[in-house]
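Listed below, chain by chain, are the residues.
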Amino acid sequence: MKQVTGRPTALTDKPFHYCPGCTHGIIHRLVAEALEEDNLRGKAIGIASVGCSVFAYDYFNCDMQQAAHGRAPAVATGIKRAWPDSFVFTYQGDGDLASIGIAETIHAASRGENITVIFVNNSVYGMTGGQMAPTTLVGQKSTTTPSGRDATLHGYPLPVCEMLQVLPGVAYLARVSVSSPAKIRAAKRAIKRAFAAQLRGIGFGLVEILSSCPTNWHLDPVKALEFVDNQMAAQFPLQVFRDFE
Amino acid sequence: MEYGIMIAGFGGQGVLFTGRLLAETALISGYQVTWYPSYGPEQRGGTCHAAVVISSEPIGSPVVDEPDFLLVLNQPSWERFALTTSKQGYTIYNSDLVKPASTAKPGIPIPIPASQIAEKAGDARVTNMVLFGSFLRVCPEIPIDHAQSSLRALISPRYEDLLNIDLKCVDMGYAFADNLLSP
Amino acid sequence: MAQSIGEQSMGLMKGNEAIAEAAIRAGCRAYFGYPITPQNEIPEYMAKHLPKVGGVFLQAESELAAINMVYGAGGAGVHVMTSSSSPGISLKQEGLSYIACAEVPCVVVNMMRSGPGLGGILPAQGDYFQATKGGGHGDYHLLVLAPSTIQEAVDLTYEAFDLARRYRNPVMILGDGLLGQMMESVTLPQPKAPLPKPPWATTGCGDGEPRVINSLYIQGDVMEERTKRIFAKYAKMKQNEIRFENYKTDGAKIILAAYGSTARIAKTAVDKARTRGIKVGLFRPISLYPFPYDELSEVATEAKAVLTVEMSMGQMVEDVRLAVEGRCPVRFYGRSGGIVPTPQEILQQIQAIWSHIA
């Protein structure tokens, strides 16, 4: 019998700790496939952030550094500046990147750091139990917005890609989702495009990936994906914001 | 031998430079040297000072609290430092700008009309080099020819005009102090 | 002074610039920092000179970013350094805790200024506790070296990169505004090539086993093992890295204890007191962590009193008391706010003690 698929070599065989229905697993796989297909595993250094993906260093089968909350782009900058020929990516959630680490994100983008940022946006702090994130939708309930996010009290969801698109240092910028097979294929194309921006040395690449959190949203996995499509994508439209020749 | 020297004046009067020149000169004269500038808010408009210690032994404190030589370029520096000079020390000051008001004895006072002398040398602002020249007269451990070669080393040849005025001011300051101290 | 090959007598150099040059000569090839007085000459010197030897200089967007860039580059096996002054060093504490736990070598220079708060830009020694007791969260220490002359700052900085690599631990050079801003004549050591990339560094694993630089150990027993491993290194430091200087302590009835800039001022006070017939000497810790407890204890055995002098309200004095163990009174004299004690002030303290014990 012919094997038509398998585990990408850029993933270890350690079972994911993610909750059932969470799309982190799909996104890990897409990143690993892109690393493998571009033959990058041997020269890659990944940066794990703080949040649900904190254990990413156990799953990606390449050199990894685990960073303090929000500081992954700074850690990536240190490595990439030290070894410009290496391939450096961060894997961050929305609390890490858009809240505590927004300064590092903006300045790495503004400097045009030749790094790739994988930004997983599921609109809540998952690891700590479902608190409000900067990306929580208006009206969305969380453990720290029990009546739903009220813009007059808690402000508005932070549109990271829309903010970064004005910066000339950004080479590639896209928002994708993984809520259907077609969208998963588009997400992988975006990741490979962001990788290409780094490989060609033309600047900062970021792919925002809308992701589901059935556990903290209190929805079953299918309903959670519908929430991504109907609610999140309305607030965070899927789009390529910046591309290169 | 160990001397503590304090140079004080307004920012822009060449206080730090004079200290640096003294330190470099002492170094080529074979002494150990420390140079410690004021880098505080004084730099922005107030008085500014540089403490230089020269010694034939390794130097402990770079802080000069009782100067053996005090060079005073303006009135506020007189108010602040004049009474700190040691009993046998010299207070060399620009008598065109400084009016000694205190009755206390600031060591041995050496009044130098530095603005007038500097003007004769070509630039009334170069009072720091005049006082430095006078200092060299009362501190024989630092030979004037070493000071001249340090000046040449510190000032870029591009500013030859300035260098020549500086050298002239040093000479004239030295000569004035020499006259003053001659019996 | 005889010079060996490659050494270079530089004439007068500012403390900050001398430290930066010594770092480059020690093989430092990456510097990340953020401006703050009174240490700005370090990043400025690095910006000008590090690229000439193929090194990286980057002005970060914040102290937080700077220390995490240091973590990244240090984890990737490069001799890396940052510098700052007190408030900026506070901001780096989270990063230093991660770096110590992840066992990443790096060199951090703190040119202390007065505090707390934004404080002032004048010299102070109020960061002793922060520097020597950990500073950030969790169980760890930095290896802390406190030079008192610019030459010593050069020599310790030159060695710091090797020490950081040997112990896989951050090394702090603890100076202050006086040391950073003053000029003194220095002899610079021979430039060294950076040490080769260590096997644990994350530089891309090729076909080999992936490396992980990490400070997260979620299971209690694993984290305890990690902590013990780090503390085993501190035990080795205590065996090998204790540094101190005894100055005229033989037969001294009063022992001054002071470090860094304050120690050199105290030295002048000792000399002045000696000419007045007062039997006084100076004990100067050079390594502040590990602290020379036994060595201080030994010189204090014959003393009638110990006087600790600091530019703080009294921090190292606590370690001095631990070392002296009550065998004689430990007095304290400190100035803060950026006021540098004068030799005369310290002499008066010595004379007051002497009048009681002589």
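Every chain is numbered on its own, with residues counted from 1 as its sequence reads. Chains and ligands are labelled sequentially in the order written, the chains with letters from A and the ligands with numbers from 1. In view of the model being predicted, local features appear only for residues whose pLDDT reaches at least 70, and side-chain atom pairs are presented and counted only at 80 or more, with totals across whole chains, interfaces and linings using the full set of residues.

Novice: Go over the overall build of chain C, please, and point to the residues and values.
Specialist: Helix and strand counts for chain C stand at 13 helices and 15 strands. What the globule rule says is 2.2 Å times the number of residues to the power 0.38, and the radius of gyration is computed from C-alpha atoms. A compact globule built from 358 residues should have a C-alpha radius of gyration of about 21 Å, and chain C, at 21 Å, falls within 12% of that. By principal-axis analysis of the C-alpha atoms, chain C measures approximately 75 × 50 × 40 Å. Three classes are used. A residue is buried when 20 or more other C-beta atoms lie within 10 Å of its own, exposed when 12 or fewer do, and partly exposed in between, with C-beta atoms placed from the backbone. Counting every position in chain C, which comprises 358 residues, the buried fraction comes to 59%. Restricting to contacts in chain C with at least 6 residues of sequence separation, those with at least 24 account for 79%. For the purposes of this entry, the term helix denotes a DSSP run of H or I that reaches at least four residues, the term strand denotes a run of E that reaches at least two, and both are numbered from the N terminus. By definition, residue pairs are in contact when their C-beta atoms, positioned from the backbone, come within 7 Å.

Novice: Go over the sheet that holds strand E10 (residues 244-247) of chain C with me, naming the residues and quoting the values.
Specialist: Residues and elements named next belong to chain C. A pair of strands is labelled paired if DSSP reports no fewer than 2 bridges between them. Pairing is mixed in the open sheet, where five strands are placed in the order E10-E12-E11-E14-E15. If you trace the sheet from one side to the other, it starts and ends with E10 and strand E15 (330-334), each paired once. Neighbour-to-neighbour, the strand axes of this sheet turn through a mean angle of 20 degrees, independent of strand direction. Summarising the sheet, strand E11 (residues 254-257) and strand E12 (residues 280-285) pair through four bridges and their orientation is parallel. In the sheet register, Ile-255 faces E12, and the bridge partner there is Gly-281. Note on definitions: angles span 0 to 180 degrees between N-to-C directions of axes, and those axes are lines fitted to C-alpha atoms, for helices only across the stretch in contact. Helix H11 (residues 293-300) rests against E10, E11, E12 and strand E14 (305-310) of the sheet, and its axis sits at about 155 degrees to E11. Packed on one face of the sheet, helix H12 (residues 316-324) meets E11, E14 and E15 and runs near 160 degrees to E14.

Novice: So what about the sheet that holds strand E4 (residues 80-84) of chain C? Which residues, and what values?
Specialist: Residues and elements named next belong to chain C. An order of E3-E2-E4-E5-E7-E6-E13 is seen for the seven strands of this open sheet, with the pairing classed as mixed. Strand pairing shows two members of the sheet lacking a second neighbour, strand E3 (56-59) and strand E13 (287-289), which therefore form its edges. Strand-to-strand twist across the sheet, computed as the mean angle between neighbouring axes with direction ignored, equals 20 degrees. Here strand E2 (residues 30-33) runs beside E3; their pairing, made up of four bridges, is parallel. Its bridge partner lying in E3, Gly-33 is registered against Gln-59. With respect to the sheet, helix H7 (residues 150-167) is in contact with strand E5 (106-112), strand E6 (143-145) and strand E7 (170-176), its orientation differing from that of E7 by roughly 160 degrees.

Novice: Describe in detail the interface of chain C and chain A, supporting the description with residues and values.
Specialist: When the parts of a complex come together, some accessible area is lost, and that lost area is often taken as the interface size. The interface is formed by 34 residues belonging to chain C together with 28 residues belonging to chain A. For the side of chain C that touches chain A, the secondary-structure elements that each account for two or more residues are E2, E3, helix H3 (63-75), helix H5 (93-101) and strand E9 (212-213) of chain C. Partitioned by chemical class, the residues of the side of chain C that touches chain A number 19 nonpolar, eleven polar and four charged. With two bridges connecting them, strand E2 (residues 63-66) of chain A and E9 of chain C associate as parallel partners. Residue Gln-65 of chain A lies in a different strand from E9 of chain C, and its bridge partner there is Ile-213 of chain C. Residue type decides the class: Asp, Glu, Lys and Arg count as charged, Ala, Val, Leu, Ile, Met, Phe, Trp, Tyr, Cys and Pro as nonpolar, and the leftover types, Gly among them, as polar.

Novice: Give a description of the domain arrangement of chain C that names residues and reports values.
Specialist: Residue and element names in this part refer to chain C. Segment limits for the domains were obtained from an automatic or database-derived domain assignment. As far as domains go, chain C holds domain 1 (8-240) and domain 2 (244-357). On a C-alpha basis, the centroid separation for the pair domain 1 and domain 2 is 28 Å. Among the elements of the structure, helix H6 (128-132), E6, E7, helix H8 (177-181) and helix H9 (220-240) are those that each provide at least two residues to the side of domain 1 that touches domain 2. Across the side of domain 1 that touches domain 2, the residue classes break down as 16 nonpolar, nine polar and three charged.

Novice: Explain the interface of chain C and chain B residue by residue, including any values.
Specialist: Between chain C and chain B, the residue contacts involve 20 residues of the former and 16 residues of the latter. When residues of the side of chain C that touches chain B are traced back to their parent elements, those giving at least two are strand E1 (8-14), H8, strand E8 (183-188), helix H10 (260-275) and helix H13 (343-357) of chain C. Top contributing element to the side of chain C that touches chain B by residue count: H10 of chain C, with five residues. As paired elements, strand E2 (residues 32-37) of chain B and E8 of chain C share two bridges and run antiparallel to each other. Note on E8 of chain C: the bridge partner recorded for Thr-34 of chain B is Glu-184 of chain C.

Novice: Now, about H10 of chain C: what can you tell me, with residues and values included?
Specialist: Since one α-helical turn is 3.6 residues long, residues separated by three or four positions face the same way. All names here are of chain C. With 16 residues, H10 should cover 22 Å at 1.5 Å per step; its first-to-last C-alpha distance of 24 Å lies within 8% of that length. With twelve of 16 residues buried, H10 lies mostly within the body of the structure. All of the buried residues along H10 are Gly-260, Ser-261, Thr-262, Ala-263, Arg-264, Ile-265, Ala-266, Lys-267, Thr-268, Ala-269, Val-270 and Ala-273. Just past H10, the residue Gly-277 takes up positive phi, approximately 80 degrees. Expected helix span is computed as 1.5 Å times (number of residues minus one).

Novice: Give a description of the arrangement of the chains that names residues and reports values.
Specialist: Contacts between protein chains span two pairs of chains, and they are most numerous for chains A and C. Taking C-alpha atoms only, the smallest gap left between chain A and chain B, which are not in contact, amounts to 31 Å.

Novice: Please give an account of H12 of chain C that cites residues and values.
Specialist: All names here are of chain C. Those residues of H12 that sit buried are Met-316, Val-317, Asp-319, Val-320, Ala-323 and Val-324. For H12, the angular spread of buried residues about the axis comes to 155 degrees, placing them on one side. Against the buried residues of H12 lie H6, E11, H11, E14 and E15. The first or second residue beyond H12 is Glu-325, which carries a positive phi of 50 degrees. Picture the helix axis, draw a direction to every C-beta atom, and the arc is the one those directions span.

Novice: Please set out unusual backbone geometry residue by residue, giving values where relevant.
Specialist: The omega angle of the peptide bond from Thr-37 of chain C to Pro-38 of chain C is 10 degrees, so this bond is cis rather than trans. Within the fold, Pro-38 of chain C resides in the loop between E2 and helix H2 (41-49). In this structure, the amide linkage connecting Gly-115 of chain C to the following residue, Pro-116 of chain C, adopts the cis form with an omega of 10 degrees. By the element assignment, Pro-116 of chain C lies in the loop between E5 and H6. For His-218 of chain A, which is not a glycine, the phi torsion comes out positive at approximately 60 degrees. In this structure, His-218 of chain A sits in the loop between helix H9 (214-217) and helix H10 (221-235). In this structure His-218 of chain A comes out as exposed when scored by C-beta crowding, with 11 C-beta atoms within 10 Å. Positive phi, close to 50 degrees, is recorded for Glu-325 of chain C, a residue that is not glycine. Within the secondary structure layout, Glu-325 of chain C lies in the loop between H12 and E15.

Novice: Residues and numbers for the nonpolar core, please.
Specialist: All names here are of chain C. For our purposes the nonpolar core covers buried Ala, Val, Leu, Ile, Met, Phe, Trp, Tyr and Cys residues that link as a set through C-beta atoms within 7 Å. Ranked by size, the top nonpolar core spans 255 residues in total, and within it Val-107 and Leu-256 carry the most contacts. Split by domain, the residues of this core number at least three in each of domain 1 (8-240) and domain 2 (244-357). Among all residues touching Leu-256, those that are not within four sequence positions of it are Ala-266, Val-270, Val-280, Leu-282, Leu-307 and Val-309.

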